[in-house]
There are 2 protein chains.
Amino acid sequence: MKSSVPLLDKITHYIVKRKGKQIRPMFVFLSASMIDSVTESTHRGAALIELLHTATLVHDDVVDDAFERRGFFSINALWKNKIAVLVGDYLLSRGLLLAISNKEFEQLSIVSKAVEQMSEGELLQIEKSRGVNLDEKIYFDIIRQKTATLIASCCACGAASAGANEEIVEKMRHIGEQIGIAFQIKDDLFDYGLGGKIGKPTGIDIKEKKSTLPLIYALNNASNGDKKKMLRLVKRDKKSKADIDTVIQFVLKSGGIEYADQKMRSIADEALTGLKTFPESSARESLIELVRYTIEREK
Amino acid sequence: MKSSVPLLDKITHYIVKRKGKQIRPMFVFLSASMIDSVTESTHRGAALIELLHTATLVHDDVVDDAFERRGFFSINALWKNKIAVLVGDYLLSRGLLLAISNKEFEQLSIVSKAVEQMSEGELLQIEKSRGVNLDEKIYFDIIRQKTATLIASCCACGAASAGANEEIVEKMRHIGEQIGIAFQIKDDLFDYGLGGKIGKPTGIDIKEKKSTLPLIYALNNASNGDKKKMLRLVKRDKKSKADIDTVIQFVLKSGGIEYADQKMRSIADEALTGLKTFPESSARESLIELVRYTIEREK
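These numbers come from a predicted model, not from an experiment. (Residues numbered from 1 in each chain as written. Chains lettered and ligands numbered in written order. Predicted model: local features only at pLDDT ≥ 70, side-chain atom pairs only at ≥ 80, totals over all residues. Heavy atoms only, no water.)

**Quick look at the overall build of chain A**
Line of reasoning, step 1. If you tally the helices and strands in chain A, you get 13 helices and two strands.
Line of reasoning, step 2. Computed over C-alpha atoms, the radius of gyration of chain A comes to 20 Å, within 12% of the 19 Å expected from 2.2 N^0.38 for 299 residues, which places it in the range of a compact globule.
Line of reasoning, step 3. Over its C-alpha atoms, taken along the principal directions, chain A stretches across nearly 60 × 50 × 30 Å.
Line of reasoning, step 4. The 299 residues of chain A split such that 57% are buried. (Helix = DSSP H or I, 4+ residues; strand = E, 2+ residues; numbered from the N terminus. Rg over C-alpha atoms; globule rule 2.2 N^0.38 Å. Buried < 20%, exposed > 50% of the residue type's maximum accessible area, 1.4 Å probe, protein only.)

**Details of helix H2 (residues 23-35) of chain A**
Line of reasoning, step 1. For H2 of chain A, which comprises 13 residues, the first-to-last C-alpha distance of 19 Å matches the rise-based estimate of 18 Å (1.5 Å per residue) to within 8%.
Line of reasoning, step 2. Summarising the contacts, the buried residues of H2 of chain A are in contact with helix H3 (40-63), helix H6 (136-161), helix H7 (166-190), helix H12 (256-275) and helix H13 (282-296) of chain A. (Expected span 1.5 Å × (residues − 1). Contact = heavy atoms within 4.5 Å.)

**Focus on the packing of aromatic side chains**
Line of reasoning, step 1. Counted under the stated rule, the structure contains nine aromatic pairs over all chains.
Line of reasoning, step 2. The interplanar angle of 80° and the centroid separation of 5.4 Å between the aromatic rings of Tyr-139 of chain A and Phe-140 of chain A together place this pair among those described as edge-to-face. As far as burial versus exposure is concerned, Tyr-139 of chain A and Phe-140 of chain A are alike and both buried.
Line of reasoning, step 3. Arranged with centres 6.1 Å apart and planes meeting at 90°, the rings of Tyr-14 of chain B and Phe-72 of chain B form a pair that is edge-to-face. On the criterion of sequence distance, the pair formed by Tyr-14 of chain B in helix H1 (residues 6-17) and Phe-72 of chain B in strand S2 (residues 72-73) is long-range, its members being 58 residues apart.
Line of reasoning, step 4. Given a relative accessible area of 10%, Tyr-14 of chain B falls into the buried group.
Line of reasoning, step 5. Taken together, the ring pairs connect Tyr-14, Phe-72 and Trp-79 of chain A into an aromatic cluster.
Line of reasoning, step 6. Just above the ring of Phe-183 of chain A sits the side chain of Arg-297 of chain A; from NZ or CZ to the centre is 4.0 Å. (Phe/Tyr/Trp six-rings, centres within 6.5 Å; stacked < 30°, edge-to-face > 60°. Lys NZ or Arg CZ within 6 Å of the ring centre and 35° of its normal.)

**Describing H13 of chain A**
Line of reasoning, step 1. Under the 1.5 Å per step criterion, the end-to-end length of H13 of chain A is 21 Å for 15 residues, consistent within 8% with the ideal 21 Å.
Line of reasoning, step 2. Tucked into the core, H13 of chain A has its buried residues touching H2, H7 and H12 of chain A.

**Observations regarding the relation of the copies chain A and chain B**
Line of reasoning, step 1. Each copy superposes on the other: chain A lies on chain B with an RMSD of 0.0 Å after a rotation of 180° and an axial shift of 0.0 Å. Such a combination of turn and shift is consistent with a two-fold rotation axis.
Line of reasoning, step 2. When you check the interface residues of chain A against chain B, 100% turn up at the interface there too, and the contact is symmetric in its surfaces. (Least-squares fit on C-alpha atoms with pLDDT ≥ 70 in both.)

**Side note on the nonpolar core**
Line of reasoning, step 1. Counting 194 residues, the largest nonpolar core has Phe-27 and Ile-185 of chain A together with Phe-27 and Ile-185 of chain B as its most contacted members.
Line of reasoning, step 2. Beyond its immediate stretch of four places on either side in the chain, Phe-27 of chain B contacts Ile-151, Cys-154, Cys-155, Ile-179, Leu-287 and Leu-290 of chain B. (Core = buried A, V, L, I, M, F, W, Y, C linked by side-chain atoms within 4.5 Å.)

**Observations concerning the interface of chain A and chain B**
Line of reasoning, step 1. In this assembly, 38 residues from chain A lie in contact with 38 residues from chain B.
Line of reasoning, step 2. Summed over both partners, the interface of chain A with chain B buries about 3700 Å², with 73% contributed by carbon and sulfur atoms.
Line of reasoning, step 3. At the junction of chain A and chain B, the tally comes to two salt bridges.
Line of reasoning, step 4. Scanning the region where chain A abuts chain B turns up six residue pairs in polar contact (both at pLDDT 80 or more).
Line of reasoning, step 5. When contributions to the side of chain A that touches chain B are tallied by element, the ones reaching two or more residues are helix H1 (6-17), H3, helix H4 (75-101) and helix H5 (105-129) of chain A.
Line of reasoning, step 6. Considered class by class, the residues forming the side of chain A that touches chain B number 20 nonpolar, eight polar and 10 charged. (Buried area = accessible area lost by both parts, 1.4 Å probe. Salt bridge = Lys/Arg side-chain N within 4 Å of Asp/Glu carboxyl O. Polar contact = N/O pair within 3.5 Å; in protein donor to acceptor, adjacent residues only side chain to side chain. Nonpolar A, V, L, I, M, F, W, Y, C, P; charged D, E, K, R; others polar.)

**Quick word on the confidence of the model for chain A**
Line of reasoning, step 1. In this model, chain A carries a mean pLDDT of 89, and residues with pLDDT of at least 70 account for 96%.
Line of reasoning, step 2. Among the scores for the predicted complex, ipTM is 0.72 and pTM is 0.79. (pLDDT = per-residue confidence, 0-100.)

**A short note on the state of the cysteines**
Line of reasoning, step 1. In this structure the tally under the stated criterion is zero disulfides over all chains.
Line of reasoning, step 2. Among the cysteines around Cys-155 of chain A, which has no disulfide bond, Cys-154 of chain A carries the closest sulfur, lying 6.4 Å off. (Disulfide = S-S within 2.5 Å.)

**Considering the side chain of Ser-109 of chain A**
Line of reasoning, step 1. In this structure, Ser-109 of chain A sits in helix H5.
Line of reasoning, step 2. For Ser-109 of chain A, a relative accessible area of 19% gives the class buried.
Line of reasoning, step 3. Excluding residues within four positions of it along the chain, Ser-109 of chain A makes contact with Leu-97 and Ile-100 of chain B.

**Examining the pattern of salt bridges**
Line of reasoning, step 1. Evaluated as defined, the whole model comprises 36 salt bridges over all chains.
Line of reasoning, step 2. For Arg-173 of chain B, the salt bridge identified is with Glu-177 of chain B, shortest N-O distance 3.1 Å. Of the two residues, Arg-173 of chain B and Glu-177 of chain B both sit in helix H7 (residues 166-190), four residues apart, roughly one turn of that helix.
Line of reasoning, step 3. The buried category is assigned to Glu-177 of chain B, whose relative accessible area is 13%.
Line of reasoning, step 4. Two residues, Arg-297 of chain B and Asp-187 of chain B, come together in a salt bridge whose shortest N-O distance is 3.3 Å. Residue Arg-297 of chain B is found in the segment after helix H13 (282-296), and its partner Asp-187 of chain B is found in helix H7; the two are separated by 110 residues along the sequence.
Line of reasoning, step 5. Assessed through its relative accessible area of 6%, Arg-297 of chain B is described here as buried.
Line of reasoning, step 6. Under the relative-accessibility criterion, Asp-187 of chain B is labelled partly exposed at 33%.
Line of reasoning, step 7. Shared partners join several salt bridges into a network, and the residues in it are Lys-137, Asp-141, Arg-144, Glu-170, Arg-173 and Glu-177 of chain A.

Put into structure tokens, the structure is as follows:
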């Protein structure tokens, strides 16, 4: 990541210092290892995806005006928007160059499709959420494109880097997609407090008029009167704490949490079934553990 | 550019409606035609570069909070920052996918290096302009990376698409770089009113503390007293119209305009000399005309 521009060195150093769980590279390495073994190409795939993911986060913080990320100040908070957008573009192009100069064309193709789908997914969400009253199919389309695509790419790149054929790469992509969908449903459940068991509901999605699976289920199974009332509350621009609590209580009572939790588990189970078609290995066990972590994690 | 997301279709339609001069695709087509002939690959190269250039402009308007572009409202003005950043990312990935799915790896490599250099160049400018008192070498480094890289890529991609060998591709890249440098010096001269001949000085660069060639020359050839005084004015956060006029008059008197104009012409001449080593053709004449337009244009 060395650059001839000192400011850029300083910022990438800061980014590396506050790195996250690096779950995406883990999926790349474990997928390669389960198929055959980790190669130089696997390392490049993991770096490419982590660079891309980091670039996305840097841009996200600009558009959301976020001042914090992983307990540190965001890049835009410390160096302003202009620099943050440029740093994001730089990280993305460094990742692409790494792949291009090493002729990693298969990985490049997988990852570029992911970038396109991710921006389409985000835009679809913005467009659809104006209506608030989503149907389930649209919800799944959005999370498939927005979140699941990148984890799908991790598994596909990992498999490709270990020399898997097209069919196996596609199978791993599909498994990764299921894991990603389960991951996002879990994230959306946090808004209601950890699947309704522990933790305090945050209500952030409701505040921002984002319809997620628990609310969609609740709305689609409510009386016409309740539905109208709740939609009016969710669409309100400035919501009181009481407004948000009313919606949360409505969702809790409707069984929306249990429904979403059950959906998440059945999709994760499909991923596990897919993984179990591969011969037993420690990498396979680790991937199974990662799937379990995805649906059981508490943050 | 068709997308499954209606909002995205609407925005790309709007972008196409307000398209610019499309000078970059022209360089791609003419370079290919001069070397041999325009191929399918030339069209893809031109589309790739125009998509990338458009993505950059959409992002630029976000970071500069600009509300207008080419006489139309900017994307961020009409659809907000979040959507504009995503649309920029989408356009970039569409361009890359177009190249990847057609196995245009040479063009991909040329263009990705350009993206990296452009973001590095912008960041270098932000970093260095804090000091205001640039030296000429840094000025040329910045405009080479920030502006010239993309026109260099146009000429290189055009040549590559016509089947040129590595040496010719590199020669065309170099010619494009010289054209790009001349192009940017011309742009910087507009700040002082069209090379000091016609037009009203805008003084925008001075207001924003950007040191360009005329000012750098003037500062490096001034008495210590004048230099100190002018630097103090340029560094001022809130400048009056009188402050800016004082700096402009100082630059005009110093001969900085003539110096920059002369530099621009000598670099453009090098590009013309390079072009004239190719056999005569109508494409070669058009490229020569484009270089002349670059340095003689009045906006």
